[in-house]
Amino acid sequence: MSDENQTNGQGGDANDAPPITINVQYVKDLSFENPNAPASLVQQESPDVELRVDVGARQLGPQLFEVLLSINASAKHADDVAFLVECAYAGVVTLNVPEEHLQPVLLIEVPRLLFPFARSIVANAVRDGGFPPLMVQPIDFLDLFRRRMAAAQAEQEAAGTA
C-alpha cells in the first residue's frame with residue numbers, strides 16, 4: 001500500500017469538498033387560488049398563463065447560503081382569473097468556490113438544481129386545483145442572471161448621473 005492519505009470520502013481537507021453541497025431544500029411558501037371555480041374549470045379553451053420567475057440568495061454563515069427560487073403563475077380566461085399559483089422553493093447550500101464565483105453559482109447553478117423540484121410542486125398544485133398540470137419549461141438561469149446584472153448596472157449608471 002502506498003503512503004498516500006486515503007480518506008474514501010471521509011474527512012480530507014477543505015479543498016476536497018464539493019463546490020456545492022445542498023444541505024436541505026424545502027417549500028418556504030406555497031399558495032394556490034382558484035377564485036372563479038367551478039366556472040373556471042369548465043372552460044373549453046386553455047387559459048392564458050403569465051409566468052414570473054425570480055431568484056434570490058442570502059448568506060447564513062461562512063460558506064452557508066439560502067437560495068430562494070420563486071415561481072409565480074397567473075392564468076386567465078379573457079378577463080377572468082382561472083388560477084393563481086405562487087411557489088417559493090428554497091435550499092440551504094454550502095459553497096466551496098472562490099469569492100468571485102459566489103454570485104454566479106448562487107444565482108445560476110443552485111437554481112438549476114432546485115428547479116426540477118419547484119417545477120413539480122407547481123405542476124401538482126395546479127393539477128390538484130382541477131386544471132391540467134402546468135408544465136413550466138426549463139428556465140435559462142444564465143440569461144436571467146445576465147439581465148439582472150445589466151439592470152443593476154443601468155440603475156447604478158442612472159444614479160451616478162442624477
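One can find the structure itself at the top, above this paragraph.
Draft legend 1. Highlighting the nonpolar core. Residues Leu-69, Phe-83 and Leu-95 are the most contacted members of the largest nonpolar core, which totals 33 residues. When residues of this core are traced back to their parent elements, those giving at least two are strand E3 (64-77), strand E4 (80-95), helix H1 (102-128) and helix H2 (141-161). Setting aside residues no more than four positions away along its own chain, Phe-83 makes contact with Phe-32, Glu-33, Pro-47, Ala-73, Ser-74, Ala-75, Val-126, Phe-131 and Leu-134.

Draft legend 2. Expanded view of the packing of H1 against H2. Relative orientation of the contacting elements H1 and H2 amounts to 145°, with a least axis distance of 9 Å. The interaxial crossing formed by H1 with H2 has right-handed handedness. The residues of H2 that touch H1, namely those facing Gln-103, Pro-104, Leu-107, Ile-108, Pro-111, Arg-112 and Phe-115, are Phe-141, Leu-142, Phe-145, Arg-148 and Met-149. Considering only residue class, the contact of H1 with H2 consists of nine nonpolar, one polar and two charged.

Analysis parameters
Residues numbered from 1 in each chain as written. Predicted model: local features only at pLDDT ≥ 70, side-chain atom pairs only at ≥ 80, totals over all residues. Heavy atoms only, no water. Core = buried A, V, L, I, M, F, W, Y, C linked by side-chain atoms within 4.5 Å. Buried < 20%, exposed > 50% of the residue type's maximum accessible area, 1.4 Å probe, protein only. Helix = DSSP H or I, 4+ residues; strand = E, 2+ residues; numbered from the N terminus. Contact = heavy atoms within 4.5 Å. Axes fitted to C-alpha atoms, helices over the stretch in contact; angles between N-to-C directions. Left-handed = near helix turned anticlockwise from the far one by under 90°. Nonpolar A, V, L, I, M, F, W, Y, C, P; charged D, E, K, R; others polar.

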